[in-house]
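Observations on chain architecture
Each chain, letter by letter, is given below.
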Amino acid sequence: AIILHEIFKSVNSFDRHYNSILVSGSEGERVRLRTLIGYLDTPIGKSGNTQVINLRFAHATEVAPILASVGENYVREQKKGKQEGGGGETSIVNVQAHSGNNALVITAPPELHRTLQEVVRKLDIRRAQVQVEAIIAEISSKKAAELGIQWNIFPNNQQTTGPIGGTNFTTAPNTSILQLSANPAGLGTGLNMGYVNGTSVLMGKTYLNLAALLHAMQTDGSTNVLSTPSLVTLDNEEATILVGQNVPFITGNYMTNSTSTQNPFQTIQRQNVGLTLKVKPQINEGDTIRLDIQQEVSSVDTSFVGASDLVTSTRNIKTAVLVENGELLVLGGLMTDNLQKNTEKIPLLGDIPLFGKLFQYQSSNNAKTNLVVFLRPVILRNRQDSALITADKYETIRQRQIEAAEPNLPLGLQSTPPQLPELPQGVAPGGTSLVPPTGPSVPPLSVAPEEPKTSNWLSIPPQLLVSPKEVVPGGMPAVPPTGPSVPSLPVIPEGPLPTEASHGNSMGGFGWAVEH
């Protein structure tokens, strides 16, 4: 009655006792009202008050609490109306989830079934996915140089008395002239030139009479690392990718002497060392994506000498950002330039211009690091978007396999290298047709320039991909939900309307009718 009154303004009242509606108006208006009432007054189409609804995309265990809350509100309002209206039975509403078939079992009165079905139709839709691509570029260089002269004086074997002394610099622990005199086999790295004048015996131990030692060394190392992890996850779902090693670290030990009967032991703890990317995307209005991201790159550093256990280098970023669909965003970075110089010299003698270089030992270390992290999310709204991204990655890894093949193996070990099969034209893995979606598409991350043909493809250093000239910020068209549609109201034909018998009197084309 309320709906009809809002549309036609011809419904005067309704009777709850007889479940009747009182309408007034011309004969044509009454026919229209009867048609609309007949459309609205239809059975729910299901036998009984229990229905089973199978879900396509949503989880039944997540939707069931929402429907149960709607049913509780309905029962609460019904009880309140019964108390004000003077009694009556209260409806029973029960919603259960069947995880095996991903279905909902709903027990409710017919008037509530329509509301619950509409809620299910709006919740059970295909959720968008997000592909997150990260670019971690790190370039580092280390340079070191050492130059110095050391002197030493030992008495000869024929002399029982005589001067003894020399220089011993701490910056050259592996090339100390005193250590080499006692152990010539422990000569350090680099260029070492000296003058030997026989041997000498001191306190019962034989030493090499090394009068002078020139040490020179220069090292130059560089690192160029390019990592591009990527992963796909549903909207508002956290995803993690880990690529690395599980390295053991010593946490404690127990040693015993030879007379003890207890066995010694050592405790270790394993930790993941490598690349970790953890991300949770949230698609907002207008194709803006909020990303809660945590990215970590760790590695075992072998440059430290004398450490009690393994030393790891860690680079960690944890942040929340907003980025448009398909756009590239820099998350952060680090640029360091560390220069260390050390000079050891003999007082007074080392300060003499030019000549003082003979009594000095100089060392320098220069380390530079450039680290930048980029991020690029792409929204995948339908099967076509997912198929295009999958086909692109599939062909990329297949091309890498072809380039890495080595057909000429030694000793006649000829074998066919493993290789992904070629995709049919226009078909992605799984048989999905690669039909381009309508509307503006998101361009690929970029295409790397063609690598030069060299004899050893492993010698090509990693490079950042070419930045696209134009980046289209999102705009993928949303796919309408594929659930059951709500039927539209019937159209009343124009022209003369058939007459209908009505209860009551008609006067001048107007009358009263009571519809049950």
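Summarised in this report is the structure supplied together with it. (Residues numbered from 1 in each chain as written. Predicted model: local features only at pLDDT ≥ 70, side-chain atom pairs only at ≥ 80, totals over all residues. Heavy atoms only, no water.)

**Here we look at the overall build of the protein**
Here is the rule we go by: Secondary structure counts use DSSP, requiring at least four H or I residues in a row for a helix and at least two E residues in a row for a strand, with both numbered from the N terminus. Per-residue accessibility, obtained with a 1.4 Å probe over protein chains only, is compared with the maximum for each type, and a residue is labelled buried under 20%, exposed over 50%, and partly exposed between these values. Each accessible area value is a Shrake-Rupley result obtained with a 1.4 Å probe; residue values ignore everything except the protein chains displayed when judging cover.
Of regular secondary structure, the protein possesses six helices and 18 strands. Across the 516 residues in the protein, those meeting the buried criterion constitute 27%. Roughly 34000 Å² of accessible area belongs to the protein as shown, and the carbon and sulfur atoms make up 55% of that amount.

**Concerning the sheet that holds strand β5 (residues 103-107)**
Keep this limit in mind: When DSSP finds two or more bridges between a pair of strands, those strands are recorded as paired. A fitted line through C-alpha atoms represents every axis, and for helices the fit uses only the stretch in contact; the resulting angles, taken between N-to-C directions, go from 0 to 180 degrees.
Read across the open sheet, the three strands follow the order β3-β5-β4; overall the sheet is antiparallel. Looking at the sheet topology across the chains shown, the edges are occupied by β3 (50-54) and β4 (94-98). Pairs of neighbouring strands in the sheet enclose a mean axial angle of 20°, with direction left out of account. Here β4 pairs with β5 via five bridges, running antiparallel. Pairing of Val95 across the sheet is with Ile106, part of β5.

**Quick notes on the sheet that holds strand β12 (residues 265-283)**
In space, the four strands of this open sheet follow the order β11-β12-β13-β14, with antiparallel pairing throughout. A single partner strand is all that each edge strand has here, and the edge strands are β11 (239-254) and β14 (311-324). Here the average twist between neighbouring strands, direction ignored, is 20°. Pairing of β12 with strand β13 (residues 288-301), which is carried by nine bridges, proceeds in the antiparallel orientation. In the sheet register, Lys278 faces β13, and the bridge partner there is Gln294.

**So, the nonpolar core**
Stated precisely, the cut-off is as follows: We call a set of buried residues a nonpolar core when its members are Ala, Val, Leu, Ile, Met, Phe, Trp, Tyr or Cys and they connect through side-chain atoms within 4.5 Å of each other. Here, two residues are considered to be in contact whenever any of their heavy atoms come within 4.5 Å of each other.
Counting 23 residues, the largest nonpolar core has Val132, Leu291, Leu331 and Leu375 as its most contacted members. Elements supplying a minimum of two residues to this core: β6 (129-153), β12, β13, β14 and β16 (360-380). When neighbours within four sequence positions are excluded, Leu331 is seen to be in contact with Ile293, Ile317, Thr319, Val321, Val373, Phe374 and Leu375. One finds Ile53, Leu55, Ala60 and Leu116 within the second-largest nonpolar core, a separate group that totals 14 residues.

**Topic: unusual backbone geometry**
The phi torsion at Asn236 lies on the positive side, around 65°, for a residue other than glycine. Looking at the secondary structure, you find Asn236 in the loop between β10 (230-234) and β11. Positive phi is not limited to glycine here, since Leu354 has a value of about 65°. Checked against the element boundaries, Leu354 lands in the loop between β15 (329-345) and β16.

**Thoughts on the pairing of β12**
With 15 bridges joining them, β11 and β12 adopt antiparallel strand pairing. Bridging across to β12, Val247 finds its partner in Gln271. Counting the residues that bridge the hairpin from β12 to β13 gives four residues, and of these Gly286 lies at a positive phi of roughly 85°.

**Section: the side chain of Asn102**
So the rule is basically this: Think of a polar contact as two N or O atoms within 3.5 Å of one another; within protein, one of them needs to be a possible hydrogen donor and the other a possible acceptor, and neighboring residues in sequence only count if both atoms come from side chains.
Looking at the secondary structure, you find Asn102 in the loop between β4 and β5. At a separation of 2.9 Å, a polar atom in the side chain of Asn102 contacts the main-chain amide nitrogen of Ala60. Ignoring sequence-local partners within four residues, the contact set of Asn102 consists of Asn54, Leu55, Ala58, His59 and Ala60.

**What to know about helix α2 (residues 27-40)**
Every α-helix carries 3.6 residues per turn, so stepping three or four residues along brings you back to the same face. Selection rule: Expected span of a helix, by definition, is 1.5 Å for each gap between consecutive residues, and there is one gap fewer than residues.
End to end, α2 covers 20 Å across 14 residues, agreeing with the expected 20 Å (1.5 Å per residue, within 8%). Here α2 has its buried residues at Arg30, Val31, Leu33, Leu36 and Ile37.

**Quick notes on the pattern of salt bridges**
We count it as follows: Note on definitions: salt bridges are taken to be side-chain nitrogens of Lys or Arg within 4 Å of carboxyl oxygens of Asp or Glu.
Per the stated rule, a full pass over the model turns up ten salt bridges. The salt bridge involving Glu138 is made with Arg315; its shortest N-O contact spans 3.0 Å. Within this pair, whereas Glu138 is found in strand β6, its partner Arg315 is found in strand β14, the two being separated by 177 residues in sequence. Between Asp287 and Arg381 there is a salt bridge, with its nearest N and O atoms 2.3 Å apart. Pair noted here: Asp287 is in the loop between β12 and β13 and Arg381 is in the loop between β16 and α6 (383-403), with a separation of 94 residues, a long-range link. The exposure class of Arg381 is buried, given its relative accessible area of 19%. One network of salt bridges, in which partners are shared, links Glu118, Arg121 and Lys122.

**Some points on a nonpolar patch on the surface**
Quick reminder of the rule: Candidate patch residues must exceed 30% relative accessible area and have no salt bridge, after which like charges are joined if within 9 Å and Val, Leu, Ile, Met, Phe, Trp or Tyr side chains if within 5 Å.
A cluster of nonpolar side chains, contributed by Trp151, Leu349, Ile352, Phe355 and Leu358, occupies part of the molecular surface with about 390 Å² of accessible area. Relative accessible area serves as the criterion here: at 42%, Phe355 is assigned to the partly exposed category.

**Quick look at the packing of aromatic side chains**
The following threshold applies: Pairs were defined over the aromatic rings of Phe, Tyr and Trp, the Trp ring being its six-membered one, requiring ring centres within 6.5 Å. Orientation was assigned from the angle between planes: stacked under 30 degrees, edge-to-face over 60, tilted for the rest.
The final tally for this structure, using the stated rule, is two aromatic pairs. Members of the aromatic cluster, connected to one another through ring pairs, are Trp151, Phe355 and Phe359.

**Brief notes about helix α4 (residues 110-123)**
Operational definition: Working definition: the arc comes from the directions between the helix axis and the C-beta atoms, pointing outward to the latter.
Between its terminal C-alpha atoms α4 stretches 20 Å, which fits the 20 Å expected from 14 residues at 1.5 Å a residue. Three or more residues of α4 are buried, namely Leu112, His113, Leu116 and Val120. Seen end-on, α4 carries its buried residues on one side only, within an arc spanning 105°.

**Some words on the side chain of Asp235**
Convention followed: Counted as positive: Lys and Arg. Counted as negative: Asp and Glu, with His and the chain ends omitted from the count.
Its location among the elements puts Asp235 in the loop between β10 and β11. Nearest to the buried, unbridged Asp235 among oppositely charged side chains is Arg127, at 5.8 Å. Among the polar contacts listed, one links the side chain of Asp235 to the backbone nitrogen of Ile283, at a separation of 3.0 Å.

**A few points about the environment of Ser308**
Structurally, Ser308 can be placed in the loop between β13 and β14. You can call Ser308 exposed: its relative accessible area is 80%. In this structure, the C-alpha to C-alpha distance between Ser308 and Ile250, residues 58 residues apart in sequence, is 9.2 Å.

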